Amino acid sequence: MEEKVGLWWHRFITRLADDSYPEAAIELDEVARAIGMLYRAGGGHAGVRVVPVADSTHSGPRAWLQRIAGSGQRAAQSRLDAETLALPPQLAVFPERELNRDLYLWLAALAAVIEPTGDWIADNRAATARALQRFAGLRGRHERLLQAHLAQRPRLQGLRGEAAMLEAAVQSALRGDDHGDWFVQPQQVAPVWLWIAGGAGPAADTAASDPEGQGERPEGDPGAQNRKRRRSQRIEEPNQRTAMLLPSKVDSILSWSEFVKLDRGTDDEEDPNASAAADDMDQLSLAKGDKTTAARVKFDLDLPSASADDLPLGPGRRTPEWDWRKRVMLPDHCAIQCLMAHPAAAYVPRPALRATSRKVRRRLEVLRAAPRWSRAQEQGDAIDLDAWVRYQVETGSGAPTSEAPPVYARRERGERSMATLLLADLSLSTDAYATSDARVIDVIRDALYVFGEAISGTGDAFEMLGFSSVRRQHVRIQHLKGFDEGWTPAVQARVGAIKPGYYTRMGAAMRDAIRRLSERPERQRLLLILTDGKPNDLDVYEGRYGLEDTRHAVQEAREAGLTPFCVTIDEKAHDYLPTLFGEQGYALVHRPQDLVAKLTQAWVKLAR
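Not measured: the values here are computed from a predicted model.

Undergrad: I tried to follow the overall build of the protein chain on my own but got confused; where do I start?
TA: From N to C terminus, the protein chain includes 18 helices and 22 strands. Here the protein chain holds 608 residues, and the buried ones make up 46% of them. For the protein chain, contacts bridging at least 24 residues in sequence account for 73% of all contacts bridging at least 6.

Below is the structure:
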């Protein structure tokens, strides 16, 4: 009974002391895409991800109800580091929903231009001036946000001593007045919602301490709570001690926020209170260790022996890799080996799959004989709007024009010149079940079969490859069909024999595909990537490193005159694929079983 009364009182007084406006709340997920677009449009780095930030303590004054409830001590304050733009997971600061949405957009604009020097107030004042100059349309919104926020700031008359001086400096800076020589940190005052804190994340230290990725890294879905970005510091791990021994009296155990020099054993069960404990800390202390729980381990898989492995085709090649931290291309950084499966039994697709492939093939055969539009012609059946606009611009600029302007389009029959290379992700994650009765690798196999059946009916040249990797020295390209091969039973048997591999070093695989496709003489060359997740590998190739290298490979493909396009079944693709391929450069298949039809549909759309 006492526990029930205590729980009721806690909920009542906490709700009563809450000074936010839940009815006007805006979730970060609602505006994440708009934030990312605005941030990058303003000059922010394309590899920076938008993530929710964890709460941190501050020393701002609290109302008497908050003192009774024990609340109001922590807030989600925006931060920017080398990998992430960490924003509050929810904004309910203002009573108007529109103002809370405008605050998200303002923070994105501010993050795009801020140049952290360590002086929080000076950095944000300078960034505010740059943001208002670069995003002139935000001036009115910023003024409304500023007035609303100033009305919420603590009253100087109710503060004393240093707290009053620090708050006065913040309010003067917000109004654009001289704030004096006070050096203020975000945690010393009440949250300034219109400002952002800058700092370096721990990723660079992690990569530097493990350049070849010998340590194990966690894998899996961390859940919504662990997606929050938390402040951390890197420290040296203390001397190893037997886990069964009790700590000596000289060991210092001071508080949650301080590193406890105590070597604790690990087990295979996840701690359900780990996220809550992390939320109680303002800064996490990270030490490089050699153990992790098996529930979230990334296994260092052994490569098969030469006798059991697929047949190597040639001696292998070296390919470069982009290091975004050094801003250099590392020459001959990755080793690529092309392999082909041992001759297997003939692949016999299911009757339903065979019927689907015949139906799709008949549809694509129509493209072979269908007339196509020739644009920018001097005579034609219709107006070419793009050519007409160009002609009007040239005429208005005073440039010489012909008496018969090429502003028409007409339908003509002719041979299409197109080559397609399909690069399929065969990583270990494809061993997971996509539906109740089929794994991801089974869905990919069906999609490859239908794609091969359909494209072979058009007469266009195409090649099919798979890829996976185990660190940079073992990037495996699985040969399924070459440009010089027909859609034969042997090729179909290779498609039927695909199996899950290792990890996903996408940039290296794409560069090998770019090299192959660039040698083709066709006018239109399409590079299709089929995947079920983001780039990752055992070493530093994860997070922003893998994304940046893949994004650089996509740019290389476009510079080579190719058309890269990604088809994915990853539900989180919207978080990173726009950065890699652009908003129109990928297709998300929400139901894995629809991949069979969607893959070919994507090709048809690009081939027109």
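So that's the structure; there's more coming.
Undergrad: Just to check I follow, could you spell out the side chain of Thr550 for this structure?
TA: Among the structural elements, Thr550 can be located in helix α16 (residues 543-559). A relative accessible area of 0% means that Thr550 is categorised as buried. A polar contact of 3.4 Å, which involves the side chain of Thr550, links it to the side chain of Tyr541. Dropping the residues within four chain positions of it, Thr550 is found in contact with Met506, Gly507, Met510, Pro535, Tyr541 and Leu580.

Undergrad: Looking at this structure, I do not really get the side chain of Ser469. What am I missing?
TA: Counting through the fold element by element, Ser469 comes out in strand β18 (residues 461-469). Polar contacts involving the side chain of Ser469 include one to the main-chain amide nitrogen of Arg505, which spans 3.1 Å. A distance of 2.9 Å separates polar atoms of two side chains, one belonging to Ser469 and the other to Asp537. In this structure, Ser469 is in contact with His474, Val475, Tyr502, Tyr503, Thr504, Arg505 and Asp537, ignoring residues within four places of it in sequence.

Undergrad: Could you clarify how one ought to interpret the packing of helix α6 (residues 139-152) against helix α7 (residues 161-175) in this entry?
TA: Packed helix pairs are specified by the crossing angle of their axes together with the interaxial distance, meaning the distance between the axes. Contact pair α6 / α7: the axes reach a minimum separation of 11 Å and the direction vectors enclose 160°. Comparing the axis directions of α6 and α7 gives the class roughly antiparallel. Here α6 runs over α7; the crossing is left-handed. Across the interface between the two elements, Leu146, His149 and Leu150 of α6 pack against Gln171, Leu174 and Arg175 of α7.

Undergrad: What should I look at first to understand the environment of Arg141 in this one?
TA: Of note, Arg141 is situated in helix α6. In this structure, the C-alpha to C-alpha distance between Arg141 and Leu105, residues 36 residues apart in sequence, is 9.6 Å. Those residues within four positions of Arg141 in sequence are excluded, and the remaining contacts are Asp102 and Leu105.

Undergrad: Sorry if this is basic, but what is going on with empty space enclosed by the protein here?
TA: Think of a ball as big as a water molecule: rolled over the atoms, this probe shows where empty space is left. The tally for this structure, following the rule as stated, stands at one cavity of 30 Å³ or more. Of the pockets and cavities examined, the largest cavity occupies roughly 40 Å³. In terms of lining residues, the largest cavity is bounded by Arg40, Ala46, Gly47, Val48, Arg49, Leu547, Asp575, Tyr576, Thr579 and Leu580. Tallied by class, the residues present in the lining of the largest cavity amount to five nonpolar, two polar and three charged.

Undergrad: Just checking my understanding: could you explain the packing of aromatic side chains for this structure?
TA: Any two aromatic rings considered together are summarised by their centre-to-centre distance and by the angle between their planes. On inspection of all chains with the given rule, the structure shows eight aromatic pairs. Taken together, a centroid distance of 5.1 Å and an interplanar angle of 85° make the contact between Trp120 and Trp195 edge-to-face. Remark: Trp195 occurs in the loop between α7 and β8 (197-198) and Trp120 occurs in helix α5 (residues 120-134); sequence separation between them is 75 residues. Pair check on accessibility: Trp120 and Trp195 agree, each one buried. On the basis of an interplanar angle of 45° and a centroid distance of 6.2 Å, the ring pair of Tyr449 and Trp487 is categorised as tilted. Note that Tyr449 is positioned in helix α13 (residues 440-458) and Trp487 in the loop between β19 (475-481) and α14 (489-496), a separation of 38 residues in sequence. When sorted by exposure, Tyr449 lands in the same class as Trp487, which is buried. Over the aromatic face of Phe462 sits the side chain of Lys481, whose NZ or CZ is 4.0 Å from the ring centroid. Positioned over the ring face of Trp324 is Arg544, at 3.9 Å from the centre of the ring.

Undergrad: Looking at this structure, I do not really get the packing of α13 against α14. What am I missing?
TA: For the pair α13 and α14, interaxial distance at closest approach is 9 Å and the crossing angle is 160°. Considering the angle they form, α13 stands roughly antiparallel to α14. Like other packed secondary-structure pairs, α13 and α14 cross with a definite hand, here right-handed. From α13, Arg445, Leu448, Tyr449 and Glu453 reach across to α14, where they touch Gln492, Val495 and Gly496. Each residue belonging to the contact of α13 with α14 can be placed in one class, and the counts come to three nonpolar, two polar and two charged.

Undergrad: I keep staring at the layout of surface pockets and nothing clicks. Help me out?
TA: Quantified by volume, the second largest pocket comes out at close to 1200 Å³. What lines the second largest pocket is a set of 34 residues, among which Asp19, Gln66, Arg74, Ala75 and Trp193 lie closest to the centre. Those elements that provide at least two residues to the lining of the second largest pocket are α1 (2-17), β4 (74-75), β7 (90-91) and α6.

Undergrad: Looking at this structure, I do not really get the sheet that holds strand β2 (residues 49-52). What am I missing?
TA: Within a sheet, each strand pairs with its neighbour through backbone hydrogen bonds, oriented either parallel or antiparallel. Spatial ordering of the open sheet is given by β2-β6-β5-β8, a layout of four strands whose pairing is mixed. Two strands bound the open sheet, and with one partner strand each, they are β2 and β8. As paired strands, strand β5 (residues 79-80) and β8 are joined by two bridges and run parallel to one another. Along β8, the bridge assignment pairs Arg79 with Ala197.

Undergrad: I'm lost on the pairing of β18 in this one. Help?
TA: On a regular strand, each side chain points to the face opposite its neighbour's, so the side chains alternate between the two faces of the sheet. For β18, the tally of buried residues reaches nine of nine residues, placing the bulk of the element in the interior. By the alternation rule, side chains of β18 split into Ala461, Glu463, Leu465, Phe467 and Ser469 and Phe462, Met464, Gly466 and Ser468, which are all buried. Note that strand β17 (residues 418-425) and β18 share seven bridges and pair parallel. From the neighbouring strand, Leu423 faces β18, where its bridge partner is Leu465.

Undergrad: How should a nonpolar patch on the surface be read in this particular structure?
TA: On the surface, Trp8, Trp9, Phe12, Leu16, Trp64 and Ile68 cluster together to form a nonpolar patch covering roughly 710 Å² of accessible area. When residues in the nonpolar patch are grouped by element, the largest group, four residues, is from α1. Tracing the backbone shows Trp8 in helix α1.

Undergrad: Explain unusual backbone geometry here, please?
TA: Where the residue is not glycine, phi is negative for most of them; where a peptide bond is considered, it is trans in most cases. Phi angles above zero are rare outside glycine, and Arg327 is one such case at about 60°. Relative to the elements of secondary structure, Arg327 occurs in the loop between β12 (317-323) and β13 (328-340). On the basis of relative accessibility, which here comes to 43%, the residue Arg327 falls in the partly exposed class. The phi dihedral of Arg471 is positive, around 65°, even though this residue is not glycine. For Arg471, the position within the fold is in the loop between β18 and β19. On the basis of relative accessible area, Arg471 is assigned to the buried category, the value being 13%.

Scoring rules and cut-offs
Residues numbered from 1 in each chain as written. Predicted model: local features only at pLDDT ≥ 70, side-chain atom pairs only at ≥ 80, totals over all residues. Heavy atoms only, no water. Helix = DSSP H or I, 4+ residues; strand = E, 2+ residues; numbered from the N terminus. Buried < 20%, exposed > 50% of the residue type's maximum accessible area, 1.4 Å probe, protein only. Contact = heavy atoms within 4.5 Å. Polar contact = N/O pair within 3.5 Å; in protein donor to acceptor, adjacent residues only side chain to side chain. Axes fitted to C-alpha atoms, helices over the stretch in contact; angles between N-to-C directions. Parallel < 35°, antiparallel > 145°, perpendicular 65-115°, else oblique. Left-handed = near helix turned anticlockwise from the far one by under 90°. 1 Å grid on protein atoms, 1.4 Å probe; cavity = no way out; pocket = protein on both sides within 12 Å on 5 of 7 lines; lining within 4 Å. Points joined across faces, edges and corners; volume = space filled by probe spheres on them. Nonpolar A, V, L, I, M, F, W, Y, C, P; charged D, E, K, R; others polar. Phe/Tyr/Trp six-rings, centres within 6.5 Å; stacked < 30°, edge-to-face > 60°. Lys NZ or Arg CZ within 6 Å of the ring centre and 35° of its normal. Pairing = 2+ DSSP bridges. Patch = residues over 30% accessible without salt bridge, like charges linked within 9 Å, V, L, I, M, F, W, Y side chains within 5 Å. Areas by Shrake-Rupley, 256 points an atom, 1.4 Å probe, with all protein chains shown as cover. Salt bridge = Lys/Arg side-chain N within 4 Å of Asp/Glu carboxyl O.

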